[in-house]
Amino acid sequence: MSELCQEFGISRKTGYKIFDRYQDCGVQGLTDRSRRPHHYAHKLPFQVENYILNLKREHPSWGARKIRERLTRRFSDIKIPAKSTVHALLDRHGFVERRGRARRRAHGTPL
């Protein structure tokens, strides 16, 4: 194994990992695998996400701060997301209207 790993320019640890994958999965185990996480630790629960979206549909003028306040009253047993998380969810679903920033123009001094 040492000579083989040295020939391919990999460490022995990597060589054994590849060898074990080949024994477990065959040739399919040698292909590249996705590095995407299997689950997201801080993802909002489905019910909370639906509640936020339904509140925004019922009250289009409400913003993230007011919706978050309603969440704290409705769901006392779960960790309430931050205002920015509620805003990001609304933005992701197209409920946020983006406004352009006011550009400040330099004024020259009179000659």
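See the structure above.
Residues numbered from 1 in each chain as written. Predicted model: local features only at pLDDT ≥ 70, side-chain atom pairs only at ≥ 80, totals over all residues. Heavy atoms only, no water.

### Some thoughts on helix H3 (residues 46–58)
Counting along an α-helix, one turn takes 3.6 residues, and residues three or four places apart therefore face a common direction.
Phase 1: Between its first and last C-alpha atoms H3 spans 18 Å; for 13 residues at 1.5 Å apiece the expected length is 18 Å, and the two agree.
Phase 2: Burial in H3 covers these residues: Val 48, Glu 49, Ile 52, Leu 53, Leu 55 and Lys 56. Down the axis of H3, the buried set is contained in an arc of 155°. They therefore lie on one face. With respect to the buried face of H3, the exposed residues turned more than 90 degrees away are Phe 46, Gln 47 and Glu 58.
Phase 3: Buried residues in H3 make contact with helix H4 (64–74) and helix H5 (83–92). (Helix = DSSP H or I, 4+ residues; strand = E, 2+ residues; numbered from the N terminus. Expected span 1.5 Å × (residues − 1). Buried < 20%, exposed > 50% of the residue type's maximum accessible area, 1.4 Å probe, protein only. Arc of directions from axis to C-beta. Contact = heavy atoms within 4.5 Å.)

### So, the state of the cysteines
Here is the idea: a disulfide is a covalent bond, and it sits between the sulfur atoms of two cysteines.
Phase 1: Within this structure, the stated rule accounts for zero disulfides.
Phase 2: Cys 5 carries a free sulfur, and the closest cysteine sulfur to it, the one in Cys 25, is 19 Å from it.
Phase 3: The class of Cys 5 is buried, set by a relative accessible area of 3%. (Disulfide = S-S within 2.5 Å.)

### Examining the packing of H4 against H5
Phase 1: Here H4 crosses H5 at 115°, and the two axes come no closer than 9 Å. In terms of orientation, H4 lies roughly perpendicular with respect to H5. H5 is crossed by H4, and the crossing has right-handed handedness. Of H5, the residues touching H4 (which contributes Ala 64, Arg 65, Ile 67, Arg 68 and Leu 71) are Lys 83, Val 86, His 87 and Leu 90. (Axes fitted to C-alpha atoms, helices over the stretch in contact; angles between N-to-C directions. Parallel < 35°, antiparallel > 145°, perpendicular 65-115°, else oblique. Left-handed = near helix turned anticlockwise from the far one by under 90°.)

### Details of a nonpolar patch on the surface
Phase 1: Together, Met 1, Leu 4, Phe 8, Ile 10, Tyr 16, Ile 18, Phe 19, Tyr 22, Val 27 and Leu 30 give the surface a local cluster of nonpolar side chains, amounting to about 950 Å² of exposed area.
Phase 2: With four residues, helix H2 (residues 12–25) is the single largest residue contributor to the nonpolar patch. (Patch = residues over 30% accessible without salt bridge, like charges linked within 9 Å, V, L, I, M, F, W, Y side chains within 5 Å. Areas by Shrake-Rupley, 256 points an atom, 1.4 Å probe, with all protein chains shown as cover. Salt bridge = Lys/Arg side-chain N within 4 Å of Asp/Glu carboxyl O.)

### Quick word on the pattern of salt bridges
Phase 1: Inspection of every chain in the model, using the stated rule, returns two salt bridges.
Phase 2: Among the salt bridges present, the one from Arg 73 reaches Glu 69, with a minimum N-O distance of 3.9 Å. One end of the pair, Arg 73, and the other, Glu 69, are both in helix H4, four residues apart, so they sit about a helical turn from each other.
Phase 3: Under the relative-accessibility criterion, Glu 69 is labelled partly exposed at 39%.
Phase 4: For Asp 91, the salt bridge goes to Arg 98, with nearest N and O atoms at 2.5 Å.
Phase 5: According to the relative accessible area criterion, Asp 91 is partly exposed, its value standing at 25%.

### Things to note about the packing of aromatic side chains
Phase 1: Under the criterion given, the structure shown has one aromatic pair.
Phase 2: Relative to Phe 75, the ring of Tyr 51 has its centre 5.4 Å away and its plane inclined at 90°; by these criteria the two rings are edge-to-face. Of this pair, Tyr 51 sits in helix H3 while Phe 75 sits in the loop between H4 and H5, and the two are 24 residues apart along the sequence.
Phase 3: The exposure class assigned to Phe 75 is buried, which follows from its relative accessible area of 15%.
Phase 4: The ring of Phe 75 has Arg 74 lying over it, and the distance from NZ or CZ to the ring centre is 5.1 Å. (Phe/Tyr/Trp six-rings, centres within 6.5 Å; stacked < 30°, edge-to-face > 60°. Lys NZ or Arg CZ within 6 Å of the ring centre and 35° of its normal.)

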